[in-house]
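Coordinate analysis (summary)
The chain contents come next:
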Amino acid sequence: MAEAAREPPPQHTDFQELEDGEDLFPEHSATLESEPASLAAEDISNGPKPDSLFDDDPEDLFAEATEEVSLDSPERDVLLSDGPSPAITPVTPPCSAITPHLAHDDMFTHSSFDEVEEEEGGDSFDMQISVSHPEKVGDGMNAYMAYKVSIKTSMSLFKSHEFSVKRRFSDFLGLHSKLASKYLHVGYVVPPAPEKSIVGMTKVKVGKEDQSSNDFVEKRRSSLERYLMRTVKHPVLLKDPDVLQFLESSELPRAVSTQALSSAGLLRMVNKAAEAVNKMTIKMNESDAWFEEKQQHFDNLDVQLRKLHASVESLVCHRKELSGNTALFAKSAAMLGNSEDHTALSRALSQLAEVEEKMEQLHQDQANADFYFFSELLGDYVRLIGAVKAVFDHRMRTWQKLQDSQILLQKKREAETKLQFNNKPDKVQQAKDEIRELETKVQQGERDFDQISKTIRKEVSRFEKERVKDFKSIIIKYLESLVQTQQQLIKYWDAFLPEAKAIS
C-alpha cells in the first residue's frame, strides 16, 4: 500500500514529476494494479510534464518529524486560520495537492500551476504598481481611506496596458484572506497584508489633522504598495482570478470581516490560541535534514531581523530627536546673534543659525530615509518570515493527518482480524470496505505530504532569491542617501567656514 501511494498521480493533477535520469521511487513500476479504481481509470499515459513546477527534488520527502515551529507570531492570525474568512465567498481551491480530484475550471483556465509558471516564463513580468492619492471618504467612525491603485503593464494577461482603480484598506485585507485560504495549505508563501492600527485609523476617522495622522496615512500607503508588488511578483498568485479582479474590476464586494474589533477578529484570536495549544501537542520527528535546517534557519533569521528592526526604529527616533534639538540650537544661535554688538560675530552667529536650520531638514530627511528604506524593509521581512513559517506549519498538519489516518487504518485491520477470528462474516465485509477507504485516504495523504514538501522547497528557493535582491536594492539606496546627506553637510560647513574665520 505504501508503494502504491508513491505512484505519480493522474495527469490532470499536474503536480508530480521526477528529474530526467533520476528514479526517486524505484518500486513504482509494480504498483499500477494496486491503485484504487478511481485512480486507475484515469489517463496516465502522457506522464509528467518536463517543465513542472516541482522538478528538482531528489530526496525522499516521506519524512517524520521532531522540530516544532512557533505559531505565536501576531502577523499570522489570518494566515493560520482554516478556510476563508466568513465575509468572503469561498472559492474552490485550484488543483491542489490536498484536493487533486476537485474540479478547478472556476479557478483557472490553465490546466495546472505548472502551466501558469510556463506561461509566466513566456510573458516576462513587466508591471508597475503605485498606490497613491489617499482620500478620506465619509465622516465620523464610518469614515475610511480610499487609495488609487494605478497599474502600467505590457503583459497580455490584462485587458489594458494602463488603468487604475479605487480600493480601501479592507479590500487589501480581503484579497489576502482569499489568497491565504486557497494557497497556504498547499505550500505557497502568501505575502502578508499590512497590519491594522486601531489608534492610527481612529485619529484619521475623527478628523484630527496632525503630523502623526499624516505619517500614519503615508506609512500605510507605502506598505500597501509594497504588499501589492510582492503579490503580483508571485508567478502563481498573479494569475489568480481574485488578484485580477482586484486590479481590474471597478467595484469589489466589501470584505466586512476584516475589522479588528469584530466577531471575525475575535474568532481569529480564538483560532490562533487553539492552534498554539494544538502545536504543543504535535511533535514531528523530522527526518528530512533540509526541512530541519531551514526551520532552524528561519527561526534564527526571525530573531535577528527583529533585533535589527528594533535598532533601526531607535535610530529613526534618535535622528528625529536630533532634528528637533538642531532646530532649537538654530533658534538660540539666531537670538544670540541679534543680541551681539560685535558686527562680525553677530553675522557669524546668524550664518550659523541658518546652517543649523538647513541641518535640521537634513536630519529629518535622513530619518525618513532610515524609516522608509530600511526600517520598513525589515518590518516587511519579519512578517514574510511569519508567512514562510506558516507553510511549514501546514506541512506539519498534513503529516499529522497522515499519521492519524495510518493509526486508524492499523486499528481497522486489527478489528478485521478479530472479526475473522470470531467468525462474523457479515461484519467482515463492512470492515474490508472501511479498510479500502482508509487505504485510499492514506495513499492520498502520502501524496499530499510529498506534494506540499516539494512546493515548500520551490517556494523557499524563490523567497531566498527575492530576499537577497530586495536587501541589495534597499541597502544601495540607503547608502546613497547617507552619502548624499554627508556631502550636503560638508557643503554647508565649507560655505560657513569663511564667515567664522572673518571674525576679528
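The structure this text deals with has already been given above.
Bear in mind that the values here come from a model prediction, so they are computed numbers and not experimental data. (Residues numbered from 1 in each chain as written. Predicted model: local features only at pLDDT ≥ 70, side-chain atom pairs only at ≥ 80, totals over all residues. Heavy atoms only, no water.)

With that settled, consider the nonpolar core. Nonpolar side chains tend toward joint burial in soluble globular proteins. Counting 37 residues, the largest nonpolar core has Met127, Ile129, Val149, Phe158, Leu228, Val232 and Leu247 as its most contacted members. Looking at which element gives the most residues to this core, the answer is helix α6 (residues 211–232), with 7 residues. Excluding its chain neighbours within four sequence positions, the residues that come into contact with Val232 are Phe125, Met127, Ile129, Leu238, Val243 and Leu247. Formed by 29 residues, the second largest nonpolar core is a distinct cluster that contains Val189, Val382, Leu384 and Val391. (Core = buried A, V, L, I, M, F, W, Y, C linked by side-chain atoms within 4.5 Å. Buried < 20%, exposed > 50% of the residue type's maximum accessible area, 1.4 Å probe, protein only. Helix = DSSP H or I, 4+ residues; strand = E, 2+ residues; numbered from the N terminus. Contact = heavy atoms within 4.5 Å.)

Another point: the packing of α6 against helix α10 (residues 343–421). Where α6 meets α10, the axes come as close as 11 Å, and the angle between the chain directions of the two elements is 55 degrees. Viewed along their axes, α6 and α10 adopt a mutual orientation that is oblique. The handedness of the crossing between α6 and α10 comes out as right-handed. The residues of α10 that touch α6, namely those facing Asp215, Glu218, Lys219, Ser222, Arg226 and Arg230, are Phe371, Tyr372, Glu376, Leu377, Asp380, Tyr381 and Leu384. Residues belonging to the contact of α6 with α10 are distributed by class as follows: 5 nonpolar, 1 polar and 7 charged. (Axes fitted to C-alpha atoms, helices over the stretch in contact; angles between N-to-C directions. Parallel < 35°, antiparallel > 145°, perpendicular 65-115°, else oblique. Left-handed = near helix turned anticlockwise from the far one by under 90°. Nonpolar A, V, L, I, M, F, W, Y, C, P; charged D, E, K, R; others polar.)

Now for α10. Relative to the 117 Å expected for 79 residues at 1.5 Å per residue, α10 spans 115 Å between its end C-alpha atoms, a close match to the ideal helical length. The sharpest bend along α10 comes to roughly 35 degrees, located at Ser375. One or two positions beyond α10, positive phi appears at Asn423, with a value near 55 degrees. (Expected span 1.5 Å × (residues − 1). Bend = angle between axes of the 7 residues up to and from the residue.)

Moving on: the pairing of strand β1 (residues 127–137). Where β1 and strand β2 (residues 144–153) come together, 9 bridges link them in antiparallel fashion. Within the sheet, the bridge partner assigned to Ser132 lies in β2 and is Lys148. Turn length for the β1-β2 hairpin, with the two strands adjacent in sequence and antiparallel, is 6 residues, and the turn residue Gly138 shows positive phi of about 90 degrees. (Pairing = 2+ DSSP bridges.)

As enumerated under the stated definition, the model contains 12 aromatic pairs in all. Geometrically, the ring pair formed by Phe291 and Phe392 is edge-to-face, given 5.9 Å between the ring centres and 75 degrees between the ring planes. Of this pair, Phe291 sits in helix α9 (residues 289–339) while Phe392 sits in helix α10, and the two are 101 residues apart along the sequence. Put simply, the rings of Trp290, Phe291, Phe298, Tyr381, Phe392, Phe463 and Phe471 touch in pairs and so form one group of aromatic residues. When the ring centre of Tyr144 is taken as origin, the NZ or CZ atom of Arg168, which lies over that ring, is 3.7 Å away. (Phe/Tyr/Trp six-rings, centres within 6.5 Å; stacked < 30°, edge-to-face > 60°. Lys NZ or Arg CZ within 6 Å of the ring centre and 35° of its normal.)

Taken across its 10 residues, β2 has 7 buried, putting it largely inside the fold. Pairing of β2 with strand β3 (residues 162–168), which is carried by 7 bridges, proceeds in the antiparallel orientation. By the bridge assignment for β3, Ala146 is matched with Arg168.

Further remarks concern the environment of Gln128. Mapped onto the elements, Gln128 comes out in strand β1. Accessibility expressed as a relative area gives 54% for Gln128, which makes it exposed. If near-sequence neighbours (up to four positions away) are discounted, Gln128 is found in contact with Ser150, Ile151 and Lys152.

Once that is clear, we can look at the sheet that holds β3. Across the sheet, 3 strands lie side by side as β1-β2-β3; this open sheet has antiparallel pairing. Among the strands making up the open sheet, the edge pair consists of β1 and β3. Between one strand axis and the next, the sheet turns by 20 degrees as a mean value, whatever way the strands run. With respect to the sheet, helix α4 (residues 169–183) is in contact with β2 and β3, its orientation differing from that of β3 by roughly 100 degrees.

A full pass over the atoms with the stated rule returns 25 salt bridges. Glu499 is paired through a salt bridge with Arg347; the nearest N and O atoms lie 3.4 Å apart. Pair noted here: Glu499 is in helix α11 (residues 425–501) and Arg347 is in helix α10, with a separation of 152 residues, a long-range link. The partner of Glu466 in a salt bridge is Lys469, with the nearest N and O atoms 3.7 Å apart. Taken as a pair, Glu466 and Lys469 lie in helix α11 at a separation of 3 residues, close to a single helical turn. Overall, the relative accessible area of 21% leaves Glu466 in the partly exposed class. For Lys469, a relative accessible area of 54% translates into the label exposed. Taken together, the shared-partner salt bridges connect Glu195, Arg226, Arg230, Glu376, Asp380, Arg383 and Asp470 into one network. (Salt bridge = Lys/Arg side-chain N within 4 Å of Asp/Glu carboxyl O.)

A few words now on the environment of Val217. In this fold, Val217 is placed in helix α6. With residues near it in sequence (within four places) discarded, Val217 still touches Pro134, Met145 and Val204.

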